[in-house]
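Chain residues, written in single-letter form:
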Amino acid sequence: MRCPAARPLSLSVLGSSSLVSARLFRTDLFFRDLAPASTGLVLANHPACDRRFEQQATRCKGRKRLRGNALDHQAWQSGEGPSAAGVKAVRVCTKIWGPHGASATTLHGGPHRELPPERKSPMATILQISDLHLLSQPQGTLKGVPTSASLALVLQRARDAYPDPDCIVLTGDLSHEETVAGYELLKWHLGDWGERCLLIPGNHDNRTGLREVFRQVPGMSDEPIWFQSELGDWLLLGLDTHVPGEVYGELSAQSLNRLETALTENGGRPALVFMHHHPGPVGSTWLDKIGLQNAPLLEALLPRHAGVRGLFCGHIHQVFEGQLAGVPFYSAPATAIQFLPGSETVQFDLQPPGFRVIELDGDQFSTATVRLDHMPFTPLHDEVTIKLDQFLKLTGAVDTGGQAKLLIQGGEVRVNDEVETRRGRKLKPGDVVELDGESFAVDSA
Ligand SMILES: [Fe+2]
Ligand SMILES: [Fe+2]
């Protein structure tokens, strides 16, 4: 069983059938150049379910992709790899990511060995955790709900029910104020689970800050975030729908191209796709205005890839099941406040916070949501606020959310006589915003 975790491991191959003491791993790299006419085989025992995982590595005609597992053997290429005697060391020199608590891995690089023709994928468990809205201050509240404390309760519930998930997908709105402090708080909450997390941003996130704290997030600075990971025979893909300065979401041309390519290469094998914004209507007027704006492009892509079994999103802070091009999509409850399904305007629901669990078995999956047994914090309906960037748009001081973001982060906006660089700064009636020598008073939100 592989897991998309983040800690690079060193791994040595000491012979054609030797035990390698290393943690379970996954990666999308390549397992190169086993000796001709041999087959690599990776074995792993999962500590939680006690199932053995076997992965055929290659048939050794030059480079061949190893689905889900890969080792980049530079030493192998330089002639230090297992010879006929098979005793020379090979050092893994690219990233091999292993989760906490995984078991030993054995690598055989010797004579050809066929795998049994009918092998089932091992069962795997994915937890989807969404819409955390962590604030810079751990004791901070959003609509009266202490989001850090609420997340702690949800994570404890998850750890009790699923002590050793294979993978945790965080589907955005992680740091409500887009601050590094919010991501650091998240990392602290995740603890050892942080290593097995896949992350994508929501509208409240900041890619640069996210990358600064979670080094496993690929790419640079504000580039769209993307993940591609394999779990058993399944492909997991994460799409970035964040549009700077906006609440709605969009898939960039780059993200759509990556998705198309990944699914084409996957060749129809089962895949799950994760994103923050909902890709179809959910029956709430206000939420349907701020979903995935270019969902028709995704809708047009999906019929070309029969392997996509399901789409998973956050953003709507409620449980919903819909369809896009015949593919089911599911949302997750937030770990903070919940929105009332079917509402015309923003209304809070009194459902407890929770998370979604997805279980893979063979080429099928099942999914369900898990909530706390009780509502730990009641949201305050009367907390009237508006975000700073939204306020600037509303007053006409800027034309777009992106423009507001640049001005705010550039230190050109003052709130109550102090420079404010957080575009998510909550304004209350009575606050005064200054930009370019003009003052705007907050009368209502
Ligand atoms: Fe959210
Ligand atoms: Fe959101």
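Residues numbered from 1 in each chain as written. Chains lettered and ligands numbered in written order. Predicted model: local features only at pLDDT ≥ 70, side-chain atom pairs only at ≥ 80, totals over all residues.

Colleague: So what about the environment of D361? Which residues, and what values?
Modeller: Mapping D361 onto the fold places it in strand β22 (residues 354-361). Here the alpha-carbon distance between D361 and M123, two residues 238 residues apart in the chain, equals 4.6 Å. (Helix = DSSP H or I, 4+ residues; strand = E, 2+ residues; numbered from the N terminus.)

Colleague: Please provide a residue-by-residue account of the nonpolar core, values included.
Modeller: Ranked by size, the top nonpolar core spans 63 residues in total, and within it L237, V273 and F274 carry the most contacts. Discounting chain neighbours no more than four positions away, the residues touching L237 are F227, Q228, L259, A262, A271, V273 and F274. A404, L407, L427 and V433 belong to the second largest nonpolar core, which has 11 residues in total. (Core = buried A, V, L, I, M, F, W, Y, C linked by C-beta atoms within 7 Å. Buried ≥ 20, exposed ≤ 12 C-beta atoms within 10 Å, placed from the backbone. Contact = placed C-beta atoms within 7 Å.)

Colleague: How would you explain helix α9 (residues 401-409) if you had to name every residue and give the values?
Modeller: Those residues of α9 not exposed but buried are G401, A404, K405, L407 and I408. Where α9 is buried, its residues touch α8 (388-395), β25 (413-415) and β28 (432-435). Taken from the residues just after α9, G411 is the one with a positive phi, measuring 75°.

Colleague: Account for the sheet that holds strand β15 (residues 234-238), naming residues and giving values.
Modeller: Strand pairing in a sheet relies on backbone hydrogen bonds, with the paired strands running either antiparallel or parallel. The sheet built from 6 strands is open, its strands ordered β14-β15-β16-β17-β19-β18 with mixed pairing. Looking at which strands have only one partner, the edges of the open sheet turn out to be β14 (227-231) and β18 (321-324). With strand direction ignored, the average angle separating the axes of adjacent strands in the sheet is 25°. As judged from the 5 bridges shared by β14 and β15, these two strands associate in the antiparallel manner. Residue pairing for β15: Q228 is matched across the bridge by L237. Sheet strands in contact with helix α5 (residues 253-266) are β14, β15, β16 (271-274) and β17 (308-313), and its direction is about 180° off that of β15. (Pairing = 2+ DSSP bridges. Axes fitted to C-alpha atoms, helices over the stretch in contact; angles between N-to-C directions.)

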